[in-house]
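# Coordinate inspection notes
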Amino acid sequence: MFYYIIALFVIALDQLTKWLIVKNMELGESIPVIENFLYITSHRNRGAAWGILEGQMWFFYVITVAVIIGIVYYIKTAAKGKRLLGIALGLMLGGAIGNFIDRVFRKEVVDFVNTYIFGYDFPVFNVADSSLVVGVIILMIQMLREEREAKEKSNGENGIHH
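Residues numbered from 1 in each chain as written. Predicted model: local features only at pLDDT ≥ 70, side-chain atom pairs only at ≥ 80, totals over all residues. Heavy atoms only, no water.

The name an unreviewed UniProt entry gives the protein chain is Lipoprotein signal peptidase, with Bacillus infantis as the organism. Under the UniProt heading Catalytic activity (unreviewed entry), the entry covering the protein chain gives this text: "Release of signal peptides from bacterial membrane prolipoproteins. Hydrolyzes -Xaa-Yaa-Zaa-|-(S,diacylglyceryl)Cys-, in which Xaa is hydrophobic (preferably Leu), and Yaa (Ala or Ser) and Zaa (Gly or Ala) have small, neutral side chains." The Pathway (unreviewed entry) field of the UniProt record for the protein chain holds the comment "Protein modification; lipoprotein biosynthesis (signal peptide cleavage)." (UniProt positions renumbered as here; feature names shortened; annotations may be inferred.)

Laid out in structure tokens, this is it:
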């Protein structure tokens with residue numbers, strides 16, 4: 001249940017921030033937060049990251065539904081007793097649903113976090129995108145931990161000690 005609460009929190013924060021951007025900013029308007037580094041910029045995306053597959057909404061609907069079903073399945077099965085995995089999946093679920101809501105109701109995703117990293121204008125993103133990325137990073141950490149634990153257990157059973 002805790003992992004679904006994480007997802008609901010992400011969805012609520014994502015939709016609230018997007019609503020604030022749509023209601024209070026003109027498309028293309030940019031507000032500096034930290035000059036030459038961070039801006040709040042009203043942007044729309046009809047594709048995936050970097051505008052890939054722009055206009056292919058049917059594709060996003062199908063993929064997102066499959067991803068959501070897969071994440072819920074893994075929360076119910078694989079996350080039992082694995083808190084880090086559950087948190088990762090909760091973040092990913094919230095992010096997937098947050099952008100899915102935009103695609104269904106707006107036919108585009110509202111993005112607004114605009115960063116310049118070492119002079120590179122990074123693609124504009126949102127709370128759902130951030131949640132997905134953090135979830136994937138935590139998932140990778142969990143997988144590396146499990147791999148290391150399995151290797152240590154295997155070495156211990158074989159009498160190999162470091």
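That was the structure; now back to the text.
The next thing to look at is the overall build of the protein chain. A count of helical and extended segments in the protein chain gives four helices and four strands. Its C-alpha atoms give the protein chain principal-axis dimensions of roughly 65 × 35 × 30 Å. Residue burial in the protein chain is summarised as follows: out of 162 residues, 36% are buried. Of the roughly 10,100 Å² of accessible surface on the protein chain, 69% is carried by carbon and sulfur atoms. Here the protein chain holds 15 positive side-chain charges and 15 negative ones, and the gap between their average locations is 9 Å. (Helix = DSSP H or I, 4+ residues; strand = E, 2+ residues; numbered from the N terminus. Buried < 20%, exposed > 50% of the residue type's maximum accessible area, 1.4 Å probe, protein only. Areas by Shrake-Rupley, 256 points an atom, 1.4 Å probe, with all protein chains shown as cover. Lys, Arg positive; Asp, Glu negative; His and termini not counted. Charge placed at Lys NZ, Arg CZ, Asp CG, Glu CD.)

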